Amino acid sequence: MLAEPTYCGGREQRRGLLRALGTAVVCLVASCWLSPSVRAEGSAQTGLTQYLFDRAALFAEGYAKGDQSGSLFVDILNAGEVINISLCGDELTDDLQIKVFNAANVLQLTENLSNGNISCSDPMNAPLTNPVRFVTTSVGAHRIELQNLSKSTDQSSFFERFDIS
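Parameters and conventions
Throughout, residues of each chain are indexed from 1 in the direction in which the sequence is written. In keeping with the model being predicted, local features are shown solely for residues with a pLDDT of at least 70 and side-chain atom pairs are shown and tallied solely at 80 or more, while totals for entire chains, interfaces and linings include all residues. Computation of side-chain values: all heavy atoms of the structure, hydrogens and water removed. In this description, the term disulfide denotes a pair of cysteine sulfurs within 2.5 Å. A run of H or I in DSSP becomes a helix once it reaches four residues, and a run of E becomes a strand once it reaches two; helices and strands are each numbered from the N terminus. Buried residues are those whose accessible area, probed at 1.4 Å on protein chains only, stays under 20% of the maximum for their type, while exposed residues exceed 50% and partly exposed ones sit between those limits. By definition, two strands form a pair when at least two bridges between them are found by DSSP. All axes here are fitted lines through C-alpha atoms, helices being fitted over the stretch that makes contact, and every angle between N-to-C directions spans 0 to 180 degrees. By definition here, a salt bridge exists when the distance from a side-chain nitrogen of Lys or Arg to a carboxyl oxygen of Asp or Glu is within 4 Å. Contacts are assigned to residue pairs with any non-hydrogen atoms lying within 4.5 Å of each other.

Just give me the short version of the state of the cysteines, but keep the residues and values in it.
Applying the stated criterion to the full structure yields one disulfide. Between the sulfur of C88 and that of C120 lies a disulfide, 1.5 Å long from S to S. As the torsion about the S-S bond is roughly -50°, the C88-C120 disulfide counts as left-handed. Highlighted residues: C88 in strand β3 (residues 82-88) and C120 in the loop between β5 (107-113) and β6 (132-135), separated in sequence by 32 residues. You can call C88 buried: its relative accessible area is 0%.

Rendered as structure tokens:
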């Protein structure tokens, strides 16, 4: 007679885990089936110690080779959608520049900030109240260029806090 395999936990514990997993799968499938569309907003949060190089630093460090690789993109599905941009450079007093191009690569906005519009120590756990707001007039992938004008093109030319949504 073969011995039953040894597992961490008893048979009832395994059954309970399988039931919980089955319930989670059923709930996920039901929510996707009952909801005709799923929507999300916001930018990726990479951690408060993960900085974002600005455009010049991307080129200086060899990470970017052209406009496409030195930019961020926001996909606009309907004209009139708003792009909100909140930034802090290496320091709150850094001069910053934001450029937004439409899908046809036509410059739509140039915004120069004499200070960041979010604190460099903001924990980003509440709504951001002072973003640069750009109301789109067309659909497609809008290209965003970010520049820290107070820093040279070295590794201090970055954004300590950023949110694009």
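What follows picks up the thread again.
Provide a residue-level description of the sheet that holds β6, including the pertinent values.
A sheet is described by the order of its strands in space; here three strands give the open sequence β6-β3-β9, paired in antiparallel fashion. Each having just a single partner strand, β6 and β9 (161-164) make up the two edges of the open sheet. For this sheet, the mean angle separating the axes of adjacent strands, direction not counted, is 10°.

Tell me about the pattern of salt bridges, and please be specific about residues and values.
Under the criterion given, the structure shown has six salt bridges. Here E91 makes a salt bridge to K151, at a shortest N to O gap of 3.5 Å. Of this pair, E91 sits in the loop between β3 and β4 (96-101) while K151 sits in the loop between β7 (140-148) and β8 (158-159), and the two are 60 residues apart along the sequence. Among the salt bridges present, the one from E145 reaches R143, with a minimum N-O distance of 2.5 Å. Just as E145 is buried, R143 falls in that class too.

Please provide a residue-by-residue account of unusual backbone geometry, values included.
Backbone geometry places N105, a non-glycine residue, at a positive phi of 65°. Tracing the backbone through its elements, the reader meets N105 in the loop between β4 and β5. One non-glycine residue with positive phi stands out, namely M124, at about 55°. Turning to its location among the elements, M124 is positioned in the loop between β5 and β6.

An account of the pairing of β5 is requested, with residue identities and associated values reported.
Along any regular strand the residues' side chains alternate between the sheet's two faces. Where β4 and β5 come together, six bridges link them in antiparallel fashion. Counted as the bridge partner of V100 is L109 from β5. Between β4 and β5, which pair antiparallel in sequence order, lie five residues; one of them, N105, sits at a positive phi of approximately 65°.

Before we move on, can you summarise the environment of G140 with the specific residues and values?
With respect to the secondary-structure elements, G140 resides in strand β7. For the pair formed by G140 and D75, sequence separation is 65 residues and the distance between their alpha carbons is 5.6 Å. When neighbours within four sequence positions are excluded, G140 is seen to be in contact with V74, D75, I76 and A103.

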